[in-house]
Every structure is written in C-alpha cells, then in structure tokens.
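Report on the structure
As a plain string of letters, each chain reads:
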Amino acid sequence: AQSVTQLGSHVSVSEGALVLLRCNYSSSVPPYLFWYVQYPNQGLQLLLKYTSAATLVKGINGFEAEFKKSETSFHLTKPSAHMSDAAEYFCAVRNTNAGKSTFGDGTTLTVKP
Amino acid sequence: DTAVSQTPKYLVTQMGNDKSIKCEQNLGHDTMYWYKQDSKKFLKIMFSYNNKELIINETVPNRFSPKSPDKAHLNLHINSLELGDSAVYFCASSQESTNYGYTFGSGTRLTVV
C-alpha cells in the first residue's frame, strides 16, 4: 500500500522568503517520490523526482527536495519565493509494483508581494 | 509539439448524454492514465493502460469505459452522464521501468448540467 500526506492545504509566504511544503509518505517498499506543480487552468508539471539515487533532489524553477527515510518525508523547498511560484503543489508516491502514482491532496502556495 | 494532448478542453453537456474525451501522446511512452480531479483539486486515478493492455481499473462506475487503440492513444467514453461527473479529467503518460514521472495533458473540464 502507498499513501502520501501533505501537511498544510494552504501556505502563504512573502516574495523572497523561504518556501517549505511538507510531504510525508507511507509505502511498504522503497518508494519513488515526486513533486508536481499545477498552475491555474493547466495540467500538472513534474518539478522533481526521487528514484533511490541522491537523497537531495534538484528540480526545475529552483526547487529541491530531500528524501529522509527515517522521517518518511520528502519536503519541497525553495530559498526565495517568486510571485510566479504561486500555484498548487502535489506530492506523489509510487511503489515500483503499484502501477500507479498516488497523489496527496495538494498545497496551495500563495506568494505575497 | 504538444507532448500529451487532450480534446476537447471544455465540454458542457446535459445529464443523460454520452460523451468522449480523446488523448494522444507523442513521447513514445508505453503507459497512459486517466485521472479525475474534483472541485477540491483531489486527484484520483481511474484507469491505466500499458501497451494497450488495461492494468488498472479503479472503482469507477461502469458508465466510464476507456479504450486504447494503440499505445499512443487513450480515450475515455462516458455514458449517461450525471451531475457528479462534473470534474476535470487529466490524461497522463509515463515510460514504465525507466522513468515513472508523469507527463500530463492540459485537462478536459467536463460540466454536466
């Protein structure tokens, strides 16, 4: 079985501030983990993924995430928020034998000027 | 050059009608999916095909029927539409065993009136 929990359905930061979006997963086998971003009225776009190589994963648009097995976490960070980062962010988990990714409920990121 | 394209982008129809949504990917991926995103932005998998073979069929009403004529196409047909079917439907593709990250289409917003 696999599941993912995103802590905080809404996160608001000021422009230039640190972005931290939290994701905890549950998986019966070593998982693959993903972060996706969805801008209004668009499909989801893959930001980054963890597939058992380096635990610190760098993605597009300056985002990165760290896989911490002991904490079953895969939190997404960005050092300095831009207005253009305002969007919905989804964490997803995939077991190699699952045939599908399971998505979290999403976190809405608001960036204040 | 669109990687995963869905048509139509918007679909407004009356209850009881039958409608289809088409999806095509030009990435050479071997697996395609249909996800449903409800008004709260929750994403739930509906179906998955790998090389034209149905591999995932979640708890979805029988009124929903996917069809994959080849591995580049996955269509979704919905019979006897109900108000509760109103949602955004996303098609996605991935290459299994090498890259589990999804490429999503831009979505089809279905409104049943």
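Here, the structure is the one placed above.
In short, a report on the structure. (Residues numbered from 1 in each chain as written. Chains lettered and ligands numbered in written order. Predicted model: local features only at pLDDT ≥ 70, side-chain atom pairs only at ≥ 80, totals over all residues. Heavy atoms only, no water.)

1. Things to note about the sheet that holds strand 8 (residues 73–78) of chain B
Residues and elements named next belong to chain B. Spatially, four strands are ordered 1-3-8-7 in an open sheet, and the strand pairing comes out antiparallel. Each of the sheet's edge strands pairs with one partner strand only, and the pair in question is strand 1 (4–7) and strand 7 (64–70). The mean inter-strand angle of the sheet, taken between neighbouring strand axes irrespective of direction, is 15 degrees. As judged from the four bridges shared by strand 3 (residues 19–25) and strand 8, these two strands associate in the antiparallel manner. The partner of S20 across the bridge, within strand 8, is H77. (Pairing = 2+ DSSP bridges. Helix = DSSP H or I, 4+ residues; strand = E, 2+ residues; numbered from the N terminus. Axes fitted to C-alpha atoms, helices over the stretch in contact; angles between N-to-C directions.)

2. Overview of the state of the cysteines
Enumeration over the complete set of coordinates arrives at two disulfides over all chains. Each sulfur of the disulfide joining C23 of chain A and C91 of chain A lies 1.9 Å from the other. As the torsion about the S-S bond is roughly -65 degrees, the C23 of chain A-C91 of chain A disulfide counts as left-handed. With C23 of chain A in strand 3 (residues 19–27) and C91 of chain A in strand 9 (residues 87–94), the pair connects residues that are 68 residues apart, well separated along the chain. Across the pair, exposure class does not vary: C23 of chain A and C91 of chain A are buried alike. Here C23 of chain B is linked by a disulfide to C91 of chain B, with a sulfur-sulfur distance of 1.9 Å. Judged by the sign of its S-S torsion, about -80 degrees, the bond between C23 of chain B and C91 of chain B is left-handed. Here the residue C23 of chain B occupies a position in strand 3, and C91 of chain B occupies one in strand 9 (residues 87–95), the gap between them amounting to 68 residues. Overall, the relative accessible area of 0% leaves C91 of chain B in the buried class. (Disulfide = S-S within 2.5 Å. Buried < 20%, exposed > 50% of the residue type's maximum accessible area, 1.4 Å probe, protein only.)

3. Concerning the interface of chain A and chain B
Contact residues are listed per partner, giving 20 residues for chain A and 21 residues for chain B. When chain A packs against chain B, close to 1,700 Å² is buried across both sides, 53% of that on carbon and sulfur atoms. Counting the surface chain A buries against chain B, the share from its top three residues, L44, K100 and F103 of chain A, is 26%. Applying the counting rule to chain A against chain B returns two salt bridges. Note that K100 of chain A and E58 of chain B form a salt bridge whose closest N and O atoms lie 3.1 Å from each other. Linking chain A with chain B are six residue pairs in polar contact (both at pLDDT 80 or more), by the criterion used here. Listed by contribution, the elements that provide at least two residues to the side of chain A that touches chain B are strand 4 (32–38), strand 5 (44–50) and strand 9 of chain A. Per-element accounting of the side of chain A that touches chain B gives the leading share, four residues, to strand 4 of chain A. (Contact = heavy atoms within 4.5 Å. Buried area = accessible area lost by both parts, 1.4 Å probe. Salt bridge = Lys/Arg side-chain N within 4 Å of Asp/Glu carboxyl O. Polar contact = N/O pair within 3.5 Å; in protein donor to acceptor, adjacent residues only side chain to side chain.)

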